[in-house]
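# Summary of structural features
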Amino acid sequence: IEVGTTYTDEGATATDDFQGDLTASIIDTSNVDSTTVGTYSVVYNVSDSSGNLANQVTRVVEVVDSQAPVLSFVGGATITHEAKTLFNIPLDVTATDNYDSSIAVTSSGTVNTSLLGTYTINYQATDSEGNVSDVVTRTVNLVDTQAPVMSIIGDLSQTIQVKSSYTEQGVSAIDNYDG
């Protein structure tokens with residue numbers, strides 16, 4: 001049975017050559033814990049009115065976890081990041097599972113902060129029973145939104161004599177992406 005579901009025993013039957021149907025007299029013992037993955041036994045015993053014991057029978061119940069974790073983003077599936085700034089892969093992805101309370105999420109993919117474009121980061125998780133989640137993908141748009149900064153070379157204010165020549169000292173410009 002799947003972990004977390006209700007176990008309903010199917011029971012057993014018993015007959016005796018002399019007394020006939022003894023099914024109602026069967027005593028069963030069960031250690032099935034449907035909240036914990038494992039192998040459990042249900043043991044059936046019965047005796048007739050003369051005290052003759054039947055050979056006990058045992059049902060083996062496997063409690064399994066066959067459901068994969070489910071991933072979801074805490075933030076959006078698409079993010080925008082400024083070029084040429086430190087980028088750490090966001091781990092704001094949650095994994096929920098029907099059995100495990102804590103599941104590690106792994107990521108793969110890279111973002112080249114020196115090159116504008118669209119990148120993808122893939123996330124996946126595996127639970128303690130080896131069930132692997134579907135891959136969820138985050139899109140990272142690497143952009144340059146900062147304007148260049150210009151600076152005047154030389155003095156901001158200059159005085160020259162009338163009819164003399166003027167030599168422009170120019171300006172410099174620096175940009176976070178283009179340099």
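Described below are features of the structure shown in this document. (Residues numbered from 1 in each chain as written. Predicted model: local features only at pLDDT ≥ 70, side-chain atom pairs only at ≥ 80, totals over all residues. Heavy atoms only, no water.)

## Observations concerning a nonpolar patch on the surface
The line we're drawing: Residues enter patches when their relative accessible area tops 30% and they take part in no salt bridge; the joining distance is 9 Å for like charges and 5 Å for the nonpolar side chains Val, Leu, Ile, Met, Phe, Trp and Tyr. Note on areas: Shrake-Rupley with a 1.4 Å probe; residue coverage comes only from the protein chains shown. A carboxyl oxygen of Asp or Glu within 4 Å of a side-chain nitrogen of Lys or Arg is what we treat as a salt bridge. Strands are runs of DSSP state E lasting at least two residues, helices are runs of H or I lasting at least four, and both sets are numbered from the N terminus onward.
Together, Met-150, Ile-152, Leu-156 and Val-171 give the surface a local cluster of nonpolar side chains, amounting to about 470 Å² of exposed area. In this structure, Met-150 sits in strand S12 (residues 149-152).

## Re the sheet that holds strand S5 (residues 57-63)
Filter applied, for reference: Should DSSP find at least two bridges between two strands, the strands are regarded as paired. The axes are straight lines fitted to the C-alpha atoms, using for helices just the contacting stretch, and the angles between their N-to-C directions are given from 0 to 180°.
Taken in spatial order, the three strands make up an open sheet running S3-S4-S5, and their pairing is antiparallel. The strands lining the two open edges of the sheet, one partner per strand, are strand S3 (27-30) and S5. Across the sheet, the mean angle separating the axes of adjacent strands is 20° when strand polarity is ignored.

## Structural notes on the side chain of Asp-127
So the rule is basically this: Only protein chains enter the calculation, and the probe is 1.4 Å; a residue is then buried if its accessible area is under 20% of its type maximum, exposed if over 50%, and partly exposed in between. His residues and chain termini do not enter the charge count, which takes Lys and Arg as positive and Asp and Glu as negative. Should any heavy atoms of two residues lie within 4.5 Å, those residues are considered in contact.
Secondary-structure assignment places Asp-127 in the loop between strand S10 (117-125) and strand S11 (136-143). Arg-138 provides the closest opposite charge to the buried, unpaired Asp-127, separated from it by 22 Å. Each residue touching Asp-127, except ones within four places of it in the same chain, is listed here: Asp-65, Gln-67, Pro-69, Asp-97, Asp-100 and Ile-103.

## Brief notes about the nonpolar core
Put simply, the rule reads: To qualify as a nonpolar core, a set must consist of buried Ala, Val, Leu, Ile, Met, Phe, Trp, Tyr and Cys residues joined through side-chain atoms within 4.5 Å.
With 15 residues, the main nonpolar core has Leu-71, Val-111, Tyr-123 and Val-140 as its most contacted residues. Broken down by secondary-structure element, the contributors of at least two residues to this core are strand S8 (93-96), S10 and S11. Apart from the residues lying within four places of it in its own chain, the contact partners of Val-140 are Ile-79, His-81, Phe-87, Val-111, Gly-117, Thr-118, Tyr-119 and Ile-121. Among the nonpolar cores identified, the runner-up in size contains seven residues, and Ile-26, Val-42, Tyr-44 and Val-61 belong to it.

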